[in-house]
Structure formats: structure tokens, C-alpha cells
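Analysis of the macromolecular model
Here's the letter readout for the chains.
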Number of protein chains: 2
Amino acid sequence: MMEEVRLIQVKEEIFSDNKEIADDLRDNLVKEKTFLINLMSSPGSGKTSLILKTIEKIRDEFRMGVIEADIDSMVDSEKVAAQGIEAIQLRTGGFCHLDASMVKKGLDAMDLGGLDLIIIENVGNLVCPAEFDTGATKNVMILSVPEGDDKPLKYPLMFTVCNVLLVNKIDYLDISDFDIHALRERVLTLNPKIEIFEVSCKTGQGIEDWTNWLREEVKAFGVVSK
Amino acid sequence: MMEEVRLIQVKEEIFSDNKEIADDLRDNLVKEKTFLINLMSSPGSGKTSLILKTIEKIRDEFRMGVIEADIDSMVDSEKVAAQGIEAIQLRTGGFCHLDASMVKKGLDAMDLGGLDLIIIENVGNLVCPAEFDTGATKNVMILSVPEGDDKPLKYPLMFTVCNVLLVNKIDYLDISDFDIHALRERVLTLNPKIEIFEVSCKTGQGIEDWTNWLREEVKAFGVVSK
């Protein structure tokens, strides 16, 4: 029993430290007028594809940067950099999530005053990243159709901490037994305020709805378009 | 006949030596002639579907049991129990992986002498479960086609620690840009001894290749069919 109590104390200490760093980051982002998105999902849901589609749609309006977290490789950041967008690679070396101090290292390496919008691609993981405040202005998650409509039942925290859910690979809907209505109901039960967009990074379907939302949010945050 | 699901709450014992507990579990499994599979994948790759297909194919040959790990829900274990197979639910309460002491709690609740083959469905996560020896006889992972062929580059440890890779949802191959040859090459570079099977839990394609392999392994382990 002693061991369990000590475990909780350690966890709370880590969280309170992290929260403080995250709040400091957020204050600084407000000051610099830089909107920061923390993008989370399982491996292979389409985080990098969504970032590339988002860059394509709004790069002419906002000065964008990307922070890519990966356990080992640099394949994603190279794809972003190939579009001429500043990309910082955070190699987590085995860590399964980003915390605020890791994000701080990425932000410290960028010129915040020269950037309106930064997207963090978190480690592909539907569990651990949900537990750590990264200091982001908004949390955004992707669930792709092939993963199944039962995921809110199994990974409730992720759906609870996010401001936006992008249901990606919506072009697979016809050939799968994914029930989009059941999914919506499950998600909204956990998080009634979440915004849900159905998208396909492959066909482009719904991407404009997402970037319209993003544009309004970034402007409401105080960023003036280029 | 429907089996009743038993629920066990588990917590990480951070002061224990995981490897030691895992080795003890493995010794005991050899003694009891119970083959234990640790099944890992991202959320939504098809772990539960594969377990159900495997049960269907070999339940007449071996006495089977299933340990389901889930952060919060019991949806998977209920599907298994509905097939009349003993199912233990480990509720991890937020933890992102199983360790050996959690698995021990599940095994302790089962009659090993009466079971030839137990499959553990680990938490849906391609990162953390790879780091913890559960005491299993073999590690098996699923990668589904919609997740993409670049996953070995991004989550190398998982592909390194597994004895078998099942490439699931192979029926999606035609409508995706997944390069199965590139995938095989990437995986075999990390782990030249891994067995790779292309399967579809939906159409049944390739399932027999997998269960043929499993049957031989379980028999070689010393289990005599029913």
C-alpha cells in the first residue's frame, strides 16, 4: 500500500512541474502571438499528411512552423522541410510522449516572433500524450476510420483533452463497418464541446472545413494574416 | 456458451524487477505446458479480431484462454467471452502497457494446468509495450495496412522484439499506397528472424498460414492437442 501512495505522489509532482512549464509556454505564446497546435493520434492515422494538407491550404496566410516528434527517425520532418516550411525534429529516444519541457526545447530553437502558427506532431500514441500538457493553445487529435468507432470507449482521456477531432480516411467509410453516428455520440458524451471534422487527406474532402476553423481561431487569437 | 468476464485492476509496481518476474513466469509456463502469446499493436489494428479468428480456427485443438488489457473498458473481453472462451480483463487504469507483474495477476486468476494456449491482448500502443517483457513465450505484433509502410522506421523497437508480424487488413492493399515489399525489407533489416504473415481478419485471407505456424510452435513447446 505504501508503494502505491508513493507512486501517486511522484506522478503528481511530475504533473505539477509540467503544468507550470506548460503555463509559462502558453503565456509566452500569447505575448508572441504564436498559435501552437498539439496534434495527436495513433501511429498511421495521418498526422503528417494532415500537416502537409494544412500547410498547402494556409501557408499564404500565416507564417508556419512544425515541430516533429519521433522516437527515432526523421522521415516526417524531412517531408515538411521539403515544402519549404521550418521543421524542428525532436528525437525522443524511446519516450512515448512529449511534455512541456521537450516542447520548450523545440520552441527555443525557433524564432517565435517570426511565426504565426506552429503545429507539433506528437509521438504516435493514443495513450500517453493525452496525459501531458505541452503548453499548446489547442489540442487536436486524429482518429482514422480503419481504427474503428470504439476508440472513445477504450482511450477516453485523449478524446476528453482535445478541442478538435479530425476523423480522417473518411473515404474508407463505405468499405468499413465504422459507424460515424455511434462515434460522434461516444465522443460527444465524453466531451460535448469538441469540434468534429470528417476529412480525407487523400481526397481532400473536408480539409477546408478544418482550415476554416483553424483560420478563425488563429485570427481570434490576435494573429493578423500575412 | 458465454463465459463470464472477470475484471482485475492492475497498477505498475515500479520497485519490482520486471525481467525477474517475467523469467519466473516463463519458467512456470514451461512447467505447466502453457504457451503464452503477447499480442501488441496500435489501437485499431485488429488485435481482438485476430484473437477471435484464431479461436475459431484452433479452439478444437487446444484449450484456450485470453487476457485482455484495457485502460478503461471491457468491450474486447466481452466479445471473447461470448465465444465461450475464458477471458480475464486487466483494467490498467491509465497505464499504457502491461508489465510482467500485471500479467502475473491475470495468470494467477486462471487455471494454467487446464490451458494450453493463452493470448494476451496488450494495450493498443506501438511504443511502450515493446519495452516490457511480459513473460510471454512469443511476442506477436500486428501492423495494419492503413497505418502505412513506414512504421518500422518510426517504431523500430516493437518490430525488433517481436517473433511474428501479422500484416492485417491486407484486403486494403489495392486501394492504398502501402508498399508491402518496402515494408518487408524495413522489418527484416531490423529483425531478420521475424516471421511475417499477410492476413485479413475480415476476409479470412492468410489466417490459416498464421494458425499453422502457431499450431507447430505450440506442439513444439510440448503441448499435446486435445
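Up top is the structure.
Residues numbered from 1 in each chain as written. Chains lettered and ligands numbered in written order. Predicted model: local features only at pLDDT ≥ 70, side-chain atom pairs only at ≥ 80, totals over all residues. Heavy atoms only, no water.

**So, the relation of the copies chain A and chain B**
- Least-squares fitting of chain A to chain B yields an RMSD of 0.1 Å, with the superposition described by an axial translation of 0.0 Å and a rotation of 180°. With respect to symmetry, the two chain copies, as superposed, fit the operation of a two-fold axis. (Least-squares fit on C-alpha atoms with pLDDT ≥ 70 in both.)

**Thoughts on the environment of Glu195 of chain A**
- Within the element layout of this structure, Glu195 of chain A appears in strand β7 (residues 195–198).
- Residues Glu195 of chain A and Val164 of chain A, spaced 31 residues apart in sequence, show a C-alpha to C-alpha distance of 4.6 Å. (Helix = DSSP H or I, 4+ residues; strand = E, 2+ residues; numbered from the N terminus.)

**Some points on the nonpolar core**
- The biggest cluster of nonpolar side chains holds 90 residues, and the ones touching the most others in it are Leu107, Leu165 and Val167 of chain A together with Leu107, Leu165 and Val167 of chain B.
- Dropping the residues within four chain positions of it, Leu165 of chain A is found in contact with Met141, Ile142, Leu143, Phe159, Leu183, Val187, Ile194, Glu195, Ile196 and Phe197 of chain A. (Core = buried A, V, L, I, M, F, W, Y, C linked by side-chain atoms within 4.5 Å. Buried < 20%, exposed > 50% of the residue type's maximum accessible area, 1.4 Å probe, protein only. Contact = heavy atoms within 4.5 Å.)

**Details of the pattern of salt bridges**
Residue and element names in this part refer to chain B.
- By the definition in use, this model includes 28 salt bridges over all chains.
- Here Asp23 ties to Arg26 by a salt bridge, and the two come within 2.9 Å at their closest N and O atoms. Here Asp23 pairs with Arg26, and both are found in helix α1 (residues 18–32), just three residues apart, close to one helical turn.
- The exposure class of Arg26 is partly exposed, given its relative accessible area of 22%.
- Residue Arg186 is joined to Asp149 by a salt bridge in which the shortest nitrogen-to-oxygen separation is 3.0 Å. (Salt bridge = Lys/Arg side-chain N within 4 Å of Asp/Glu carboxyl O.)

**Observations regarding the interface of chain A and chain B**
- Contact residues are listed per partner, giving 38 residues for chain A and 38 residues for chain B.
- Carbon and sulfur atoms supply 59% of the area that chain A and chain B bury against each other, a total of about 2,800 Å² over both sides.
- Run the count over chain A and chain B and you get two salt bridges.
- The residue Lys154 of chain A makes a salt bridge to Asp76 of chain B at a minimum N-O spacing of 2.6 Å. (Buried area = accessible area lost by both parts, 1.4 Å probe.)

**Considering the state of the cysteines**
Residues and elements named next belong to chain A.
- Considering all chains together, one arrives at zero disulfides over all chains under this definition.
- Between Cys162, a cysteine without a disulfide, and Cys128, which holds the nearest cysteine sulfur, the sulfur-to-sulfur distance is 14 Å.
- Looking at Cys162, the relative accessible area reads 3%, which means it is buried. (Disulfide = S-S within 2.5 Å.)

**As for the pairing of strand β3 (residues 64–70) of chain B**
Residue and element names in this part refer to chain B.
- For β3, the buried fraction is high: seven of the seven residues fall into the buried class.
- Neither face of β3 is exposed, since Met64, Val66, Glu68 and Asp70 on one face and Gly65, Ile67 and Ala69 on the opposite face are all buried.
- As paired strands, β3 and strand β5 (residues 117–121) are joined by five bridges and run parallel to one another. Bridge pairing in β5 places Met64 opposite Leu117.
- The pairing of β3 with strand β4 (residues 86–91) spans six bridges and is parallel. The residue of β4 that forms the bridge with Ala69 is Leu90.
- Remark: the β3/helix α3 (residues 75–81)/β4 crossover connection has right-handed handedness. (Pairing = 2+ DSSP bridges. Right-handed = clockwise from strand over helix to strand, strands pointing away.)

**Overview of helix α4 (residues 100–108) of chain A**
Residues and elements named next belong to chain A.
- Along α4, the positions that sit buried rather than exposed are Ala100, Met102, Val103, Gly106 and Leu107. Along the axis of α4, the buried positions cluster into a sector of 160°, meaning they face one direction only. Those residues of α4 that are exposed and aimed more than 90 degrees away from the buried face are Lys105 and Asp108. (Arc of directions from axis to C-beta.)

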